[in-house]
Amino acid sequence: MRARRAILAAALVAAALLLAAGFALWRNPYGLIDADYARKRVAAGLSKDEVVVGDHRWVYAHSDDAPEGAPLVVMLHGFTGTKENWYPLGRGLRGRYLLLIADLPGWGESQRIDGAEYGYVAQTARVAQFIQQVARPTGRPVVLLGHSMGGGIAALVAAHSPGDVAYLGLLDASGVRFEDNRFGEQVLAGQNPFAVHDEASLRHYLDILFFDDKAKPIIPWPADRIYIEHRRQDAAFESAVLDRIGRGSEAFLPGEEAVRIAQPTLLLWCRQDAVIDMSAMALYAQRIPLATQVLLDGCGHMSLMEQPDNVAQAVTMLIERGDGK
C-alpha cells in the first residue's frame, strides 16, 4: 500500500512539474532557447551582466579570469547573430584575456528602440560609447573583434576612435565590395538571404552560414518552431538593417574608412565563406598598413564557431606579436 502511494505521489509531482514547465513555456516560448544559451554560457565559464549606455540597455557576457595586465577582448557579432556565437571562441581565450561579449543594441537580449537606426554609423557611435564606459575603465588595452556586420562596425570604431582600440580583428567582415556571389547579388536585389520563416528557410539559413556540417547548431523540436517564429517577428527589423548595411549609402563605409586604421589588425576569413567572399580580405588588407591575413580552409562564414581553436590561435598571435606582422 505504501509503495502504491509513493508511486502515485511521484506521478503527481511529475505531472505538476510538467504542467509548470508547459505554463512557463506558454508564457515565454523563447525561454527554452534562453535556457540553452545560459547553459552554453556557463559551460564557457562566462558570467552575464547588463548596463545602460546612452539610450540603450546592453546585455553582455564576460570573464574576468585573466592574468594581471592582460588585454580586454571585446567581441561584436554579425547580422542576425548574438553574443552566443562567440562562446566557442570565448572558451579558447578565457584565462588568457579579459572577455566582454556583447549583444549589439537591437539584437539578442539588448534593447531595441522603435524608430531608432541600427546601421553602421549609429552602431559605431554606440560601440565607441560602450567601450569608453565599460572597457576603458579597466585600464587594459582593448582588442576589438568583429564578425561579419560586427566586423564592419569594429573597423569604423578603430578608424574613428584610435585611442580606444589597441588591436583589431576582422573576421569574415562586411563593408567592402567583394567579388560577386549569390548572397551579395540577392542583397543588392533587395532580398534578405538570411530570412527565416519556415523549416526550409531555416535549413537554408544554416547551409549559407556553415560549411562544416558538424558545427551547425542542432535545433530540436520545439525550439526550432520557437526560433522560426522569433525570426518571423524580426523580419521587418532585419530588412531595415540590411537596407542600411547591405545596399544603402553606408554599405561600403567600413572599407572606405579602413585607410584610417593604424592598429595592428588581424584579417581572418574562411575559404568557403558563401556570405562575405574571401576576396574581401585582400580589399581590407590593401587599406590597412599593419594587417596580417589568415585564410582558413574547411569552414564557411562562421569561423568563430567552425574553427574556434584556429581563430583563438590567430587572435593570440595578433596580441602577443603586437606589430601586425
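Structure's up top.
Residues numbered from 1 in each chain as written. Predicted model: local features only at pLDDT ≥ 70, side-chain atom pairs only at ≥ 80, totals over all residues. Heavy atoms only, no water.

1. Regarding the state of the cysteines
Here is step 1 of the chain: Following the criterion strictly, the structure yields one disulfide and no others.
Here is step 2 of the chain: Across a sulfur-sulfur distance of 2.0 Å, Cys270 and Cys299 are joined as a disulfide pair. The chirality of the disulfide connecting Cys270 with Cys299 is left-handed, given an S-S dihedral of about -90°. Taken together, the residues Cys270 in strand S7 (residues 265-270) and Cys299 in the loop between strand S8 (291-296) and helix H12 (303-306) connect sequence positions 29 residues apart.
Here is step 3 of the chain: What makes Cys299 buried here is its relative accessible area of 0%. (Disulfide = S-S within 2.5 Å. Helix = DSSP H or I, 4+ residues; strand = E, 2+ residues; numbered from the N terminus. Buried < 20%, exposed > 50% of the residue type's maximum accessible area, 1.4 Å probe, protein only.)

2. Focus: helix H2 (residues 31-43)
Here is step 1 of the chain: In this model, H2 (13 residues) spans 18 Å end to end at C-alpha, consistent with the 18 Å of a helix rising 1.5 Å per residue.
Here is step 2 of the chain: Buried within H2 we find Ile33, Tyr37 and Arg41. Taken down its axis, H2 places every buried residue within 80° of arc, on the same side. Along H2, the residues that are exposed and aim more than 90 degrees away from the buried face are Arg39, Val42 and Ala43.
Here is step 3 of the chain: Buried-residue contacts for H2 involve strand S1 (47-53), strand S2 (56-63), helix H3 (87-93) and helix H8 (223-233).
Here is step 4 of the chain: Where H2 terminates, the next one or two residues include Gly45, which has phi positive at roughly 75°. (Expected span 1.5 Å × (residues − 1). Arc of directions from axis to C-beta. Contact = heavy atoms within 4.5 Å.)

3. Here we look at the packing of aromatic side chains
Here is step 1 of the chain: Counted by the stated rule, this structure contains nine aromatic pairs.
Here is step 2 of the chain: Where Tyr60 meets Phe130, the ring centres are 6.0 Å apart and the plane angle is 75°; that geometry is what we call edge-to-face. Of this pair, Tyr60 sits in strand S2 while Phe130 sits in helix H4 (residues 120-135), and the two are 70 residues apart along the sequence. There is no split in this pair, since Tyr60 and Phe130 are both buried.
Here is step 3 of the chain: Measuring from centroid to centroid gives 4.9 Å for Trp107 and Phe237, while their planes differ by 65°, and the two rings are edge-to-face. Taken together, the residues span a long stretch of sequence, with Trp107 in the loop between strand S4 (98-102) and H4 and Phe237 in helix H9 (residues 235-245) at a distance of 130 residues. (Phe/Tyr/Trp six-rings, centres within 6.5 Å; stacked < 30°, edge-to-face > 60°.)

4. A few points about the pairing of S1
Here is step 1 of the chain: Sheet topology places S1 next to S2; seven bridges connect them, and they run antiparallel. By the bridge assignment, Asp49 is partnered in S2 with Tyr60.
Here is step 2 of the chain: Linkage of S1 to S2, two consecutive antiparallel strands, is achieved through a turn of two residues, within which Gly54 is found at a positive phi near 65°. (Pairing = 2+ DSSP bridges.)

5. Re unusual backbone geometry
Here is step 1 of the chain: Between Trp221 and the following residue, Pro222, the backbone shows a cis peptide bond with an omega angle of 5°.
Here is step 2 of the chain: Positive phi outside glycine occurs at Ser148, with the angle close to 55°.
Here is step 3 of the chain: Position of Ser148 among the secondary structure elements: in the loop between strand S5 (142-147) and helix H5 (149-160).

6. Notes on the side chain of Thr316
Here is step 1 of the chain: Position of Thr316 relative to the elements: it lies in helix H13 (residues 308-321).
Here is step 2 of the chain: Contacts of Thr316, omitting those with residues within four sequence positions, involve Leu93, Arg96 and Tyr97.

7. Regarding the pairing of S4
Here is step 1 of the chain: S4 sits mainly inside the fold: five of its five residues count as buried.
Here is step 2 of the chain: The two faces of S4 match: Leu98, Leu100 and Ala102 on one face and Leu99 and Ile101 on the other face are all buried.
Here is step 3 of the chain: Taken together, the four bridges between S2 and S4 define a ladder with antiparallel strand orientation. Opposite Ala61, over in S4, you have Ile101 as the bridge partner.
Here is step 4 of the chain: Bridge count for strand S3 (residues 72-76) against S4 is five bridges, and the pairing is parallel. Along S4, the bridge assignment pairs Leu72 with Leu98.
Here is step 5 of the chain: The β-α-β motif built from S3, the intervening H3 and the parallel element S4 has right-handed crossover chirality. (Right-handed = clockwise from strand over helix to strand, strands pointing away.)

8. Quick notes on the sheet that holds S4
Here is step 1 of the chain: Taking strand neighbours across the sheet as the criterion, the eight strands line up as S1-S2-S4-S3-S5-S6-S7-S8 in an open arrangement whose pairing is mixed. Strand pairing shows two members of the sheet lacking a second neighbour, S1 and S8, which therefore form its edges. Here the strands of the sheet are splayed against their neighbours by 20° on average, with no regard to which way each runs. (Axes fitted to C-alpha atoms, helices over the stretch in contact; angles between N-to-C directions.)

9. Quick notes on the pattern of salt bridges
Here is step 1 of the chain: Inspection of every chain in the model, using the stated rule, returns 22 salt bridges.
Here is step 2 of the chain: For Asp65, the salt bridge goes to Arg94, with nearest N and O atoms at 3.3 Å. Placement of the pair is Asp65 in the loop between S2 and S3 and Arg94 in the loop between H3 and S4, with a sequence separation of 29 residues.
Here is step 3 of the chain: Judged by relative accessible area, Asp65 falls into the partly exposed class, the value being 42%.
Here is step 4 of the chain: Between Lys216 and Asp213 there is a salt bridge, with the nearest N and O atoms lying 3.1 Å from each other.
Here is step 5 of the chain: The class for Asp213 is exposed, based on a relative accessible area of 55%.
Here is step 6 of the chain: Each of Lys48, Lys83, Glu84, Asp103 and Glu109 takes part in one network of salt bridges that share partners. (Salt bridge = Lys/Arg side-chain N within 4 Å of Asp/Glu carboxyl O.)

In short, geometric facts, not functional conclusions.
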